[in-house]
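# Examination of the molecular architecture
Here is how the chains run, residue by residue.
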Amino acid sequence: MKIVMLGAPGAGKGTQAKMIAAKYSIPHISTGDIFRANIKNGTELGKKAKTYMDQGALVPDELTLELIMDRFKQDDCKNGYVLDGFPRTIPQAEALTKALAAEGDKLDYAVNVEVPDENIVNRMSGRRACLSCGGTYHVVYNPPKSEGVCDACGGGLVLRDDDKPETVAKRLEVYHTQTQPLIEYYAGEKILKEVDGTKDVADVFADITAILA
Ligand code: ADP
Ligand code: AMP
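To start, this report covers the structure provided alongside it. (Residues numbered from 1 in each chain as written. Chains lettered and ligands numbered in written order. Predicted model: local features only at pLDDT ≥ 70, side-chain atom pairs only at ≥ 80, totals over all residues. Heavy atoms only, no water.)

## Regarding the side chain of glutamine 92
Quick note on the threshold: Secondary structure elements follow DSSP: runs of H or I no shorter than four residues count as helices, runs of E no shorter than two count as strands, and numbering proceeds from the N terminus. Side-chain atoms alone can form a polar contact between residues adjacent in sequence; in general such a contact is a pair of N or O atoms within 3.5 Å, and within protein one must be able to donate a hydrogen while the other accepts it. Contacts are assigned to residue pairs with any non-hydrogen atoms lying within 4.5 Å of each other.
Inspection of the secondary structure puts glutamine 92 in helix H5 (residues 90-101). Within polar-contact distance, the side chain of glutamine 92 engages the side chain of aspartate 61 at 2.9 Å. Apart from the residues lying within four places of it in its own chain, the contact partners of glutamine 92 are Asp61, Thr64, Leu65, Phe86 and Pro87.

Printed below as a string of structure tokens:
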């Protein structure tokens, strides 16, 4: 099964993608997590990506596509994947469609997690991320068992630099101009599914699994 998660930054794509990955035994591929791991490890790619990410801008398509096409070559992608944060522009979506078509393949679902902008700042300011394993928490809605510590790997939790309110506003603007058009793109491909992302995490997941069943 090949799934794309759509939605604004902070809509809950990563939270749901991790649960989908566990249930269907497919990898969760987050371009944001891959960029953050590169930044942490001080790679050339990380250095380039950081300048864009810190401003709430998108990393250029060329860099992102190189990274993701490389990731698709790994063995664990054979039975599908759930993509989170990719594609984020029409050229990225077109490149993905083309790469899959070259193998006689296509996406199965594009799941749009809908959350209005009013809820987003609240979600982002309370988000705490584990930079070791990509775990995501919320101080109120999804707290870790022990404050500041990742349940999954014991790593330290941080407020991401780009989750500060001034950057969130920019990211939302970028989302509306560059990423939201993907909803129409995947509607045209007849694979768009919409879920109400304002519900509790478990209820959103139940709605998604009903679609994927
Ligand atoms: P995205 O991957 O779309 O940027 P995340 O999955 O990281 O979003 O979620 C953003 C924040 O909102 C996190 O702190 C997460 O714990 C919290 N969150 C996710 N889903 C819900 C939900 N349904 N209700 C309340 N908070 C949520
Ligand atoms: P995320 O973890 O998905 O919220 O992504 C964090 C940041 O990484 C974004 O604000 C972008 O700067 C960058 N990024 C992640 N995925 C992409 C992508 N597909 N295209 C361009 N930039 C991306």
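## A closer look at the nonpolar core
Inside soluble globular proteins, nonpolar side chains tend to come together where they are buried. Selection rule: We define the nonpolar core as a collection of buried residues of types Ala, Val, Leu, Ile, Met, Phe, Trp, Tyr and Cys that are connected through side-chain atoms lying within 4.5 Å of one another. The buried label applies to any residue whose accessible area, calculated with a 1.4 Å probe on protein chains only, is under 20% of its type's maximum; exposed applies above 50%, and partly exposed to all values in between.
Formed by 44 residues in total, the largest nonpolar core has its most connected members in Ile3, Met5, Ile20, Leu96 and Tyr186. The residues contacting leucine 96, other than those within four sequence positions of it, are Val4, Met69, Phe72, Tyr81, Leu83, Phe86, Pro87, Leu107 and Tyr186. Counting residues in hydrophobic clusters, the runner-up holds seven residues, among them Phe35, Leu45, Met53 and Val59.

## Description of the packing of aromatic side chains
Inclusion rule: Here the aromatic set is Phe, Tyr and Trp, taking the six-membered ring for Trp, and pairing holds for ring centres within 6.5 Å; pairs whose planes are under 30 degrees apart are stacked, those over 60 apart are edge-to-face, and all others are tilted.
Summed over the entire model, instances satisfying the criterion amount to two aromatic pairs. Measuring from centroid to centroid gives 4.7 Å for phenylalanine 72 and tyrosine 81, while their planes differ by 15 degrees, and the two rings are stacked. For tyrosine 81, a relative accessible area of 3% corresponds to the buried category. With centroids separated by 4.9 Å and ring planes inclined at 85 degrees, the aromatic side chains of tyrosine 185 and tyrosine 186 adopt a geometry described as edge-to-face.

## What about the site of ligand 1?
The following threshold applies: The criterion for a residue being near a molecule or strand is simple. One of its heavy atoms has to lie within 4 Å of it. Accessibility throughout is a Shrake-Rupley quantity obtained with a 1.4 Å probe, and a residue counts as covered only by protein chains that appear here. Gly is put with the polar residues, along with every residue not named as nonpolar or charged; the nonpolar set is Ala, Val, Leu, Ile, Met, Phe, Trp, Tyr, Cys and Pro, and the charged set is Asp, Glu, Lys and Arg.
Neighbouring residues of ligand 1: 19 residues in total, closest Gly14, Thr15, Arg127, Tyr137 and Lys199. Within the backbone of glycine 14, an N or O atom sits 2.8 Å from an oxygen atom of ligand 1. Here ligand 1 has 560 Å² of accessible area as a free molecule, and 94% of this is covered by the chains. For the shell around ligand 1, the secondary-structure elements that each account for two or more residues are helix H1 (13-24) and strand E6 (136-138). Residue composition of the shell around ligand 1, grouped by class: six nonpolar, eight polar and five charged.

## Some words on a nonpolar patch on the surface
Worth spelling out the cut-off: What makes a patch is a set of residues exposed beyond 30% relative accessible area and free of salt bridges, joined within 9 Å when like-charged and within 5 Å when nonpolar (Val, Leu, Ile, Met, Phe, Trp, Tyr). In the sections that follow, a salt bridge refers to a side-chain nitrogen of Lys or Arg positioned within 4 Å of a carboxyl oxygen of Asp or Glu.
Residues Val139, Val140 and Tyr141 make up a contiguous nonpolar surface patch of about 310 Å² in total accessible area. In this structure, valine 139 sits in the loop between E6 and strand E7 (157-158).

## Considering the pairing of strand E3 (residues 81-84)
Put simply, the rule reads: Pairs of strands are assigned from DSSP output, requiring at least two bridges between the strands.
Residues of E3 alternate between two faces, with Tyr81 and Leu83 on one and Val82 and Asp84 on the opposite face, all of them buried. Where strand E1 (residues 2-6) and E3 come together, four bridges link them in parallel fashion. Residue pairing for E3: valine 4 is matched across the bridge by leucine 83. Of the pairings in the sheet, the one linking strand E2 (residues 28-30) to E3 comprises three bridges and is parallel in character. Bridge pairing in E3 places histidine 28 opposite valine 82.

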